[in-house]
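Structural characterization, general
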Amino acid sequence: MNSDTETSRSTPLHSVSVAGAVVREDGRVLAIRRADNGAWEPPGGVLELAETVEDGLRREIREETGIDVTVGQLTGVYKNMARGIVALVFRCHPESGAECLSAETTAVAWLTPDEAAGRMSEVYAVRILDALRPGPPHIRSHDGRRLT
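This write-up is about the structure you can find in this document. (Residues numbered from 1 in each chain as written. Predicted model: local features only at pLDDT ≥ 70, side-chain atom pairs only at ≥ 80, totals over all residues. Heavy atoms only, no water.)

Digging into the overall build of the chain
Helix and strand counts for the chain come out as 4 helices and 8 strands. Counting from the amino terminus, the chain carries its helices and strands in the arrangement α-β-β-β-β-α-β-β-β-α-α-β. Taking 148 residues into account, the globule formula puts the C-alpha radius of gyration at 15 Å, and the chain, at 16 Å, falls close to it. Across its three principal directions, the C-alpha atoms of the chain cover 60 × 30 × 30 Å. Taken across its 148 residues, the chain has 40% of its residues classed as buried. For the chain, the proportion of contacts with a sequence separation of at least 24, taken over those separated by at least 6, is 64%. As displayed, the chain has an accessible area near 8100 Å², and 51% of this comes from carbon and sulfur atoms. Distance between charge centres in the chain, computed from 17 positive and 22 negative side chains, equals 6 Å. (Helix = DSSP H or I, 4+ residues; strand = E, 2+ residues; numbered from the N terminus. Rg over C-alpha atoms; globule rule 2.2 N^0.38 Å. Buried < 20%, exposed > 50% of the residue type's maximum accessible area, 1.4 Å probe, protein only. Contact = heavy atoms within 4.5 Å. Areas by Shrake-Rupley, 256 points an atom, 1.4 Å probe, with all protein chains shown as cover. Lys, Arg positive; Asp, Glu negative; His and termini not counted. Charge placed at Lys NZ, Arg CZ, Asp CG, Glu CD.)

In structure tokens:
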């Protein structure tokens, strides 16, 4: 076995995703209901290889919701230990556009933080709640269902 093959087998593979905690002036946050599983989440998705973090985040939010955003502060880094997904979450502010559905969404809504916490699973609700708290970015791990 050559060293390139050994390196590729020993190097962990991770997927990097981005999500936006898009906050309006009235404090409501943007949420989507996913078409594939019906779950409520902040908008976002997997980064493409040739795009920057900010460009990927703006693309994902626009594709899923119709809303253009300004990307602000990084508010959290979350690792799904079971699937090897690292998610970067940023506080964002809406700039333009109108809510619309996509092939990936069956609903787009502006929720209060309490509504978001009630509709989203723990691992997604915490991303919104962390983004609304002042301070440095939060770093958390989960198993896909619960924080660990």
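Having seen the structure, we can now continue with the description.
Topic: the sheet that holds strand 5 (residues 67-80)
Spatially, 5 strands are ordered 4-1-6-5-8 in an open sheet, and the strand pairing comes out mixed. Unpaired on one side and paired on the other, strand 4 (44-46) and strand 8 (138-142) mark the two borders of the sheet. On average, each strand axis in the sheet is tilted by 30° relative to the strand beside it, whichever way the strands run. For strand 1 (residues 15-22) and strand 6 (residues 85-97), the ladder comprises 8 bridges, and the chain directions are parallel. What sits directly across from Val-16, in strand 6, is Val-86. (Pairing = 2+ DSSP bridges. Axes fitted to C-alpha atoms, helices over the stretch in contact; angles between N-to-C directions.)

Considerations on the sheet that holds strand 3 (residues 40-41)
In space, the 3 strands of this open sheet follow the order 3-2-7, with antiparallel pairing throughout. Of all strands in the sheet, those with a lone pairing partner are strand 3 and strand 7 (105-111), marking the two edges. The pairing of strand 2 (residues 29-34) with strand 3 spans 2 bridges and is antiparallel. Paired with Arg-33 across the strands is Trp-40, a residue of strand 3. This element, helix 2 (residues 53-65), spans strand 2 and strand 7 of the sheet and lies at about 65° to strand 2.

Focus on the environment of Ile-128
With respect to the element layout, Ile-128 can be found in helix 4 (residues 122-132). On the accessibility criterion, Ile-128 (1% relative accessible area) is buried. C-alpha separation for the pair Ile-128 and Leu-111, spaced 17 residues apart in sequence, amounts to 11 Å. Look past the residues within four positions of Ile-128 in its chain and what remains in contact with it is Ala-21, Val-29, Pro-42, Ala-116 and Met-120.

With respect to the pairing of strand 7
With 6 of its 7 residues buried, strand 7 lies for the most part within the structure. Sheet topology note: the strand 2/strand 7 ladder contains 6 bridges and is antiparallel. When the bridges of strand 7 are listed, Ala-31 appears paired with Ala-109.

Brief notes about the state of the cysteines
What the rule picks out here adds up to 0 disulfides. Looking at the unpaired Cys-92, the closest cysteine sulfur is the one in Cys-100, lying at 17 Å. Judged by its relative accessible area of 38%, Cys-100 is partly exposed. (Disulfide = S-S within 2.5 Å.)

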